[in-house]
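Here is what each chain is made of, one letter per residue.
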Amino acid sequence: KKVDNDRSAPLLLAMTSAGGRSPDDACLISRLWLGWCAAIAYRGWSKPLHEEDLPSAPRGVRSEPLHRVAVELWEAELARAEPGKAQVLSGVLYPLARRSFYQGGALLVVSGLCNSVARPLLLKSAVESISPDEPLWRGFAFAGGLGACLLLEQWSKTQGLHIAGDEAILRASSAAMQLVTLKAGRLRTGVGSDGAEQTLLGKDLVGAADMARFLPLMWLCLSSLVGGLTVVFVLSGLAGGLGVLVMAGTFFVSIPLGRRAKRSQAAMLKASEETAGATRELLDGAKVVKFMGWEETYLAHICRRRATELTHLRTYRIAINVVVQIGRASPIISILCTVLVLVLTSPDRFRADVVLPIISLFQALRVPFIMLPMVFQILIAIQVAASRISAYLQLPEQPAPPAAAGEGGTLVSLDGATVSWPARS
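Residues numbered from 1 in each chain as written. Predicted model: local features only at pLDDT ≥ 70, side-chain atom pairs only at ≥ 80, totals over all residues. Heavy atoms only, no water.

1. Points about the overall build of the protein
(1) Moving on: Helices and strands together make up the secondary structure of the protein, namely 12 helices and 0 strands.
(2) Moving on: Listing the helices and strands of the protein from first to last along the sequence gives α-α-α-α-α-α-α-α-α-α-α-α.
(3) Moving on: Scored against the burial criterion, the 425 residues of the protein give a buried share of 38%.
(4) Moving on: Summarising the internal contacts of the protein: among those between residues at least 6 apart in sequence, 81% fall at separations of at least 24. (Helix = DSSP H or I, 4+ residues; strand = E, 2+ residues; numbered from the N terminus. Buried < 20%, exposed > 50% of the residue type's maximum accessible area, 1.4 Å probe, protein only. Contact = heavy atoms within 4.5 Å.)

2. Thoughts on the packing of helix α11 (residues 295-345) against helix α12 (residues 352-393)
(1) Moving on: Packing of α11 against α12 leaves a shortest axis separation of 9 Å and a crossing angle of 155°. By the angle between their directions, the pair α11 and α12 is classed as roughly antiparallel. Between α11 and α12 lies a crossing of right-handed hand. Contact residues: Ile 320, Val 323, Val 324, Gly 327, Arg 328, Pro 331, Ser 334, Ile 335, Thr 338 and Leu 342 in α11; Val 354, Ile 358, Ile 359, Phe 362, Gln 363, Arg 366, Phe 369, Ile 370, Pro 373, Met 374 and Gln 377 in α12.
(2) Moving on: Of the residues belonging to the contact of α11 with α12, the class tally is 14 nonpolar, 5 polar and 2 charged. (Axes fitted to C-alpha atoms, helices over the stretch in contact; angles between N-to-C directions. Parallel < 35°, antiparallel > 145°, perpendicular 65-115°, else oblique. Left-handed = near helix turned anticlockwise from the far one by under 90°. Nonpolar A, V, L, I, M, F, W, Y, C, P; charged D, E, K, R; others polar.)

3. A look at the layout of surface pockets
(1) Moving on: Considered as a void within the structure, the second largest pocket measures approximately 510 Å³ in volume.
(2) Moving on: Leu 89, Leu 93, Ile 169, Leu 215 and Ile 382 are the residues nearest the centre of the second largest pocket, which is lined by 25 residues in total.
(3) Moving on: If you list the elements that add at least two residues to the lining of the second largest pocket, you get α5 (88-128), α6 (136-186), α7 (196-212), α8 (217-236) and α12.
(4) Moving on: Considering every element that reaches the lining of the second largest pocket, the biggest residue donor is α5, with 7 residues.
(5) Moving on: Of the residues in the lining of the second largest pocket, the class split is 22 nonpolar, 2 polar and 1 charged. (1 Å grid on protein atoms, 1.4 Å probe; cavity = no way out; pocket = protein on both sides within 12 Å on 5 of 7 lines; lining within 4 Å. Points joined across faces, edges and corners; volume = space filled by probe spheres on them.)

4. Side note on the confidence of the model for the protein
(1) Moving on: In the predicted model, the protein carries a mean pLDDT of 80, and 88% of its residues have values of at least 70.
(2) Moving on: Least confident of the elements in the protein is helix α1 (residues 8-15), whose mean pLDDT is 42; most confident is α5, at 89.
(3) Moving on: In the predicted structure, residues 1-20 sits below a pLDDT of 50 and forms 29 contacts with residues beyond four places in sequence or in another chain. (pLDDT = per-residue confidence, 0-100.)

5. Notes on the state of the cysteines
Defined simply, a disulfide is a covalent bond joining two cysteines at their sulfur atoms.
(1) Moving on: Per the counting criterion, the structure on display carries 0 disulfides.
(2) Moving on: Unpaired in terms of disulfides, Cys 114 finds its nearest cysteine sulfur in Cys 149, a separation of 4.5 Å. (Disulfide = S-S within 2.5 Å.)

Here it is in structure tokens:
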């Protein structure tokens, strides 16, 4: 049975307070709980959606103004910086992603404080309200507050990661891709390696963008770290200091591993570019290679370059995995150390209303101590990719062709010259 949903769509739009089919036109409440897309989902329930039924892209990620502004920012950066020292990261990518990055960061700070401050304190109060001396409504009130805190924590985290981790990174990566594409069409012949733009787009830019989506977690980690450390010392006193020291030790151990990963990543990208260049050289000269019988020599040459690339890749992966595994194991060891010191020094404080919040706190601190070392790796990857893109964008370009005179303009102008033609034979 065919159902016409077009009659009910305007009513549903009014109910969801969307005010339009695009999230840019929706009111604040509709954007908060995604009510603007309810009419689209309702219309597509019984019949296929077409292109005209879908909303347009948000203003922040539309290509026309974004690419134009990116070109203008890069031209301004070239004019400001010294020759060869212009930086695409600070001159183009950061200004384009700054607003969304800070907006999403504010929501992630709220999520971090809910996770490390509000939730442990509400859990402590909820456990204390189980006492027979407390009224029943008090327990239900704290249980409801704990549920609302969990809802706010997850919602702010999801929205913050979407704004700062999707929109901001999409704007920056799209702008960088546009600049590299335009530069590839103007690059002087013989400058740079063959297929350098493909390596920049396929490895540097895409790889850095995938890692950069986790960079906004820095806001959540910092807020959770500050709030969680404060609540740990309030609840457990100096006993929690030992657990914090164990977690801090993992952070300092990760610093030299991060430096090692940075060197390995830079070497890996360079080796990858050399491998791609050698492979492209083989494909372009396949007839000559086959005619001269150089297949085995070329194959060994490419395999050596690939082996060098894999060596650097293996070192990079090992360093990253060691950092992650140390961060995952630190909360368990920290909880055991804190509880052991608490039992030995203050047996009277070894109660459920103290131990359960401590466990919740160290689980909340697990994310900062895992992600903060990874944030350094992400920043390193972004810096390496941006430096390579900046160097590529500043390579020499083809000289501009001489401008032809307009219609009716002067083509030749002579002053004090003698012009002659040979006589006809």
